[in-house]
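Here are the chains, one letter per residue:
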2 protein chains.
Amino acid sequence: MTVSGAARGMLRTEVDRSLKTFLDHQRAVGGGPDVVPLFDAAEDFLAGGKRLRPAFCYWGWKAGGGGDDPAVFTAAASLELLQASALVHDDLMDNSDLRRGMPAAHRRFQALHEKEGWNGSAEQFGAGAAVLLGNLLLLWSSEMWRTCGLPAEALAAAQPAHDHMRTELMCGQYLDLLEQAHGENTFESALRVALYKSGRYSVERPLRLGLTLATRGAPPWTDALCSDYGTGVGIAFQLRDDVLGVFGDPSQTGKPAGDDLREGKRTMLIARTLAAAPPEAAAVVRRLLGDPALGAEGVATLRTIIQESGALAACEEMIKQYLHDALEALERAPITTEARTALADLAVAATTRDT
Amino acid sequence: MTVSGAARGMLRTEVDRSLKTFLDHQRAVGGGPDVVPLFDAAEDFLAGGKRLRPAFCYWGWKAGGGGDDPAVFTAAASLELLQASALVHDDLMDNSDLRRGMPAAHRRFQALHEKEGWNGSAEQFGAGAAVLLGNLLLLWSSEMWRTCGLPAEALAAAQPAHDHMRTELMCGQYLDLLEQAHGENTFESALRVALYKSGRYSVERPLRLGLTLATRGAPPWTDALCSDYGTGVGIAFQLRDDVLGVFGDPSQTGKPAGDDLREGKRTMLIARTLAAAPPEAAAVVRRLLGDPALGAEGVATLRTIIQESGALAACEEMIKQYLHDALEALERAPITTEARTALADLAVAATTRDT
């Protein structure tokens, strides 16, 4: 049994509608025609995305016994603003050119500068505008959350988890920078980055927020569901991301082939490759990884080494195992069949996607 | 009559104490030893500063009839986190090396990377860490504000102004980027940037927040005080900043001499110079302004042109006039003598400082 396409479509429609209403409100209070490019970039950026975080939040709410209050869609949608902020800043920090098949935000503003023939460095203008756009999205995510219209007691109960998620996200991204800077990574540190950089705020925290909004007191079973199902799905979600970053189809991912290799991302896939590959092959990985000029041939070489070392199969096995354990934990939770089915579907969708 | 040094000292002590308590709390919930450099950087960064924004907020609170609730110091102190965030991101966007006589945040993390001999680009690591540090400070400023301990009704009354201030700050900084990109600036556009980029969030918004927290309903006289006193002092504050950015003493400002000239800042001082200087001198300004390699001689040349054009005197006259009108408006407000005296002192301090 799967949650109907109608339910998924309804969630997306409501999330899109909430985001549009919020952005229109911000445009109305915003600062005149000159800042329109910021708002347009925010809108274009928010049009994409799988709405995965809002879905975990919404189904957390339903699992916690939450009713049909439409304000929950606004609360859930605010997580897309947080995610958009992280992506805008991420692409700048990683010096990525593309996002979802479109120019990354800093490149978009750089192109605006070039098109208008303005003074000074177009690249510096693009970077500055991307910092500010990411900040706006970050601010708006908490404003939208706070003003969603759910009862004050529900919001107050969830606020510590909301605050914690945001600090944790920034610390996790710093750990990711460190991991690349340190060069060598261990299984343990790769797992820690996967959890803090993405797993937590993509799955576990949205789920926890929805559960806490609905239950207010967050009874013990919600904690168990968050750790045993949420954390597992979150890690598997990031491992899938790591695999797609190396083996993904650009027409699906919207990113150039092997982008993570060019950026030198130190993922579980790389940790396992370096641990298992023969010394000469490992030396090739160390040499090519993080080379900004890495071409199609280099990407192909690295892909072959990663596959032949068994690292790809090992990561796929990890994803399968985390998903399996998460679905088992889901069976134990005292929630409705509807919520259980939806969360099972979501877990599968988050970890077996090709985009 | 001036507010006693004791009152000023008390405010600083309480603001410092609140910031320390908040940061210690964040360290406790934070993510382990690897992220300590982020917290240390935040702490060092917050140790400096004139505590001007908390002072306008605190005296707004007192002017609005607020009592002796120590939670107001926490609310006021949270504005320092917002300011620290803006400075960390500003220095990155402007490519500035120094802040308050210490390395700017991105340079600090770049130096950490170099010292540790890590992999990859030290500059890119520094930039990434500065983006994340600024984000943390931005998030924390709203968390500290919300959890300050003032009654929920007071916070709810002030929340729209708080949200508005933050969006406005980002839009104002974008206008500043645009102003530099456009190259030519008019008196009108320079004034708009001065107001949106800094004037509002340095003076008018903190004052309004304090007044609204205390009065909750924000009666009409508070609006008049905010526009007639707050906006005027805010603009004069930024004009003073512009003058210090060109003529300030590095040992006082903590920034290299003529830093704004090197960065090509399009301020009122420059708008007035370009409008009033003879054509050959104006051409020199256009040629040297924004040259990253501008040395002591170039700075001296530009200073002479700015002075001889009468632009410096005109800006000083503007500051005097804004201050005068603000103090007149202050006389009309129905507030206690203590608050009036403190706000008059603050207006003078904000606009006649040398640091």
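Here, the structure is the one placed above.
Per chain, the residues get numbers from 1 upward, laid out in the order the sequence is written. Going through the entries in the order they are written, you letter the chains from A and number the ligands from 1. For this predicted model, a pLDDT threshold of at least 70 governs which residues receive local features, and a threshold of 80 or more governs which side-chain atom pairs are given and counted, while totals over whole chains, interfaces and linings are taken from all residues. To obtain the side-chain values, all non-hydrogen atoms of the structure were used and water was disregarded.

Section: the nonpolar core
Grouped burial of nonpolar side chains is what soluble globular proteins tend to show. Which entries qualify depends on this criterion: We call a set of buried residues a nonpolar core when its members are Ala, Val, Leu, Ile, Met, Phe, Trp, Tyr or Cys and they connect through side-chain atoms within 4.5 Å of each other. To sort residues, take the accessible area from a 1.4 Å probe on protein chains only and compare it with the maximum for the residue type: under 20% means buried, over 50% means exposed, and anything in between is partly exposed. By definition, residues are in contact when any of their heavy atoms lie within 4.5 Å.
Tyr174, Tyr229 and Leu343 of chain A together with Tyr174, Tyr229 and Leu343 of chain B are the most contacted members of the largest nonpolar core, which totals 182 residues. With near-sequence residues (within four places) excluded, Tyr174 of chain B lies in contact with Asp34, Val35, Pro37, Leu38, Phe109, Leu112, Phe125, Ala129 and Leu132 of chain A.

Brief notes about the interface of chain A and chain B
Our working rule: As a working definition, buried area equals the accessible area (1.4 Å probe) given up by two parts on being put together, with both sides summed. Every case where a carboxyl oxygen of Asp or Glu lies within 4 Å of a side-chain nitrogen of Lys or Arg is listed as a salt bridge.
Taken together, the contact pairs 48 residues of chain A with 48 residues of chain B. Across the interface of chain A and chain B, roughly 4300 Å² is buried in total on both sides, 66% from carbon and sulfur atoms. Ranking the residues of chain A by area buried against chain B places Leu132, Leu139 and Tyr174 of chain A at the top, with a combined share of 16%. Linking chain A with chain B are 4 salt bridges, by the criterion used here.

Regarding the packing of helix H2 (residues 36-47) of chain A against helix H5 (residues 105-116) of chain A
Residue and element names in this part refer to chain A. How we decide: Lines fitted to the C-alpha atoms define the axes, with helices restricted to the stretch that makes contact. Angles between their N-to-C directions range from 0 to 180 degrees. Helix numbers and strand numbers start at the N terminus; a helix is a DSSP run of H or I with at least 4 residues, a strand a run of E with at least 2. Any angle from 65 to 115 degrees is called roughly perpendicular, while one under 35 is roughly parallel, one over 145 is roughly antiparallel, and all others are oblique. Each crossing gets its handedness from the near helix: less than a right angle anticlockwise from the far helix is left-handed, clockwise is right-handed.
At a minimum axis separation of 11 Å, H2 and H5 run at an interaxial angle of 140°. By the criterion of interaxial angle, the relationship of H2 to H5 is oblique. As for how H2 packs across H5, the hand of that crossing is right-handed. The segment H2 lies against H5, with Pro37, Leu38, Asp40, Ala41, Asp44 and Phe45 engaging Ala105, Arg108, Phe109 and Leu112.

A closer look at the side chain of Thr167 of chain A
In this structure, Thr167 of chain A sits in helix H7 (residues 152-182). For Thr167 of chain A, a relative accessible area of 2% translates into the label buried. Not counting chain neighbours up to four residues away, the residues in contact with Thr167 of chain A comprise Gln26, Leu136, Leu139, Trp140 and Glu143 of chain B.

Considering unusual backbone geometry
All names here are of chain B. Its identity as a non-glycine residue notwithstanding, Asn95 has a phi of 60°, on the positive side. In this fold, Asn95 is placed in the loop between helix H4 (71-94) and strand S1 (98-99). The exposure class assigned to Asn95 is partly exposed, which follows from its relative accessible area of 43%. Backbone geometry at Arg100 places phi at a positive 50°, although glycine is not the residue there. Its place among the elements puts Arg100 in the loop between S1 and strand S2 (102-103).

So, H5 of chain A
To keep it simple, the criterion reads: One less than the number of residues in a helix, times 1.5 Å, gives the span that helix is expected to have. Summarising the geometry, the arc corresponds to the directions from the helix axis toward the C-beta atoms.
Counted at 1.5 Å a residue, the expected span for H5 of chain A with its 12 residues is 16 Å, and the 17 Å between its end C-alpha atoms agrees. All of the buried residues in H5 of chain A are Ala105, His106, Phe109, Gln110, Leu112 and His113 of chain A. What you see down the axis of H5 of chain A is that its buried residues fit within an arc of 155°, all on one side. For H5 of chain A, exposure combined with an orientation more than 90 degrees from the buried face picks out Glu114 and Lys115 of chain A. Looking at the packing, one finds that the buried side of H5 of chain A touches H2, helix H4 (71-94), strand S2 (102-103) and helix H6 (122-146) of chain A together with helix H7 (152-182) of chain B. Two residues or fewer after H5 of chain A comes Gly117 of chain A, characterised by a positive phi angle close to 65°.

Details of the packing of aromatic side chains
Residue and element names in this part refer to chain A. Stated precisely, the cut-off is as follows: The criterion for an aromatic pair is that two Phe, Tyr or Trp rings (for Trp, the six-membered ring) have centres within 6.5 Å, with stacked assigned to planes under 30 degrees apart, edge-to-face to planes over 60 apart and tilted to the rest.
Under the defined criterion, the tally for this structure stands at 14 aromatic pairs over all chains. Seen from their ring centres, Phe22 and Trp140 are 6.4 Å apart, and the 70° between their planes marks the pair as edge-to-face. Taken together, the positions of Phe22 in helix H1 (residues 5-29) and Trp140 in helix H6 put the pair 118 residues apart, joining distant regions of the chain. You'll find Phe22 and Trp140 in the same group, each marked buried.

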